[in-house]
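# Summary of structural features
If you want the building blocks of each chain, they are given just below.
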Amino acid sequence: MNNAEALLAAARKAADQAHCPYSNFHVGAAVRCTDGTVVSGCNVENASYGLTICAERVALFNCVAQGLQPLELAVSCVDAQNNAPLASRMPCGACRQVMQELMPNSAIIHIDGVDSRRLKELLPDAFSLDSAKNAP
Ligand code: THU
């Protein structure tokens, strides 16, 4: 199993922990950090719907809390139907902006059932207060 497949497998496993009683749409994410550590996350919903947080942000914020530098991310929307548009598997815009803050522009994002993209392809011309922060 190569790096991407291993990270996707970790993302699918993380989706098992999703707290998603409202959407019943389980999402898992796994992040490989510069030291090789893999940190995972799942979506966590709330009865006050707007408080819901996506799997990608849970994983990335967990990296920050552990003092780790995220390098590569995999996401799996395990409940997306085979015949559904690919858009139902893509990371949302808010998560892309958080990736932009915490990952290098060259970071690779593996999207289960879609393909792998560089972060800069997912969020071209991202908002930043400090354009020198991210490496090219
Ligand atoms: N969700 C994620 O976890 N990641 C995304 O990038 C898109 C959406 C979650 C949020 C919510 O719990 C469910 O999927 C349905 O929108």
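Look above for the structure.
What comes next is a walk through the structure. In this text the structure is predicted, and so the values were computed from the model without any measurement.

### Regarding the environment of Asn2
Inspection of the secondary structure puts Asn2 in the segment before helix H1 (3-14). Classification of Asn2 by relative accessible area gives partly exposed; the value is 44%. Separated by 15 residues in sequence, Asn2 and Gln17 place their C-alpha atoms 24 Å apart. One polar contact links the side chain of Asn2 to the main-chain amide nitrogen of Ala4, over a distance of 3.1 Å.

### A few points about the site of the ligand
Lining the immediate surroundings of the ligand are Ser23, Phe25, Val27, Asn43, Glu45, Thr52, Cys54, Ala55, Glu56, Met90, Pro91 and Cys92. Within the side chain of Asn43, an N or O atom sits 2.9 Å from an oxygen atom of the ligand. Glu45 places a polar side-chain atom, nitrogen or oxygen, 2.5 Å from an oxygen atom of the ligand. Relative to its unbound accessible area of 380 Å², the ligand is 78% covered by the protein chains. Counting atoms within 2 Å of the grid points, the majority share of the ligand lands in the largest pocket.

### Overview of the sheet that holds strand E5 (residues 116-118)
The mixed open sheet is built from five strands, whose spatial order is E2-E1-E3-E4-E5. Edge positions in the open sheet fall to strand E2 (38-42) and E5, since each of these has one partner strand only. Pairwise comparison of adjacent strand axes, ignoring direction, gives a mean angle of 20° for this sheet. Summarising the sheet, strand E3 (residues 70-77) and strand E4 (residues 108-111) pair through four bridges and their orientation is parallel. From the neighbouring strand, Leu73 faces E4, where its bridge partner is Ile109.

### Things to note about the pairing of strand E1 (residues 27-33)
Counting buried positions over the seven residues of E1 gives six, a clear majority of the element. Bridge count for E1 against E3 is seven bridges, and the pairing is antiparallel. Bridge pairing links Val31 to Leu73 in E3. Of the strand pairs in this sheet, E1 and E2 are connected by five bridges, and their pairing is antiparallel. Residue pairing in the sheet places Ala30 in a bridge with Ser40 of E2. Linkage of E1 to E2, two consecutive antiparallel strands, is achieved through a turn of four residues, within which Gly36 is found at a positive phi near 95°.

Each value, and the rule that gives it
Residues numbered from 1 in each chain as written. Predicted model: local features only at pLDDT ≥ 70, side-chain atom pairs only at ≥ 80, totals over all residues. Heavy atoms only, no water. Helix = DSSP H or I, 4+ residues; strand = E, 2+ residues; numbered from the N terminus. Buried < 20%, exposed > 50% of the residue type's maximum accessible area, 1.4 Å probe, protein only. Polar contact = N/O pair within 3.5 Å; in protein donor to acceptor, adjacent residues only side chain to side chain. Near = heavy atom within 4 Å. Areas by Shrake-Rupley, 256 points an atom, 1.4 Å probe, with all protein chains shown as cover. 1 Å grid on protein atoms, 1.4 Å probe; cavity = no way out; pocket = protein on both sides within 12 Å on 5 of 7 lines; lining within 4 Å. Sits in = over half its atoms within 2 Å of the grid points. Pairing = 2+ DSSP bridges. Axes fitted to C-alpha atoms, helices over the stretch in contact; angles between N-to-C directions.

This is a description of form; function is not addressed.
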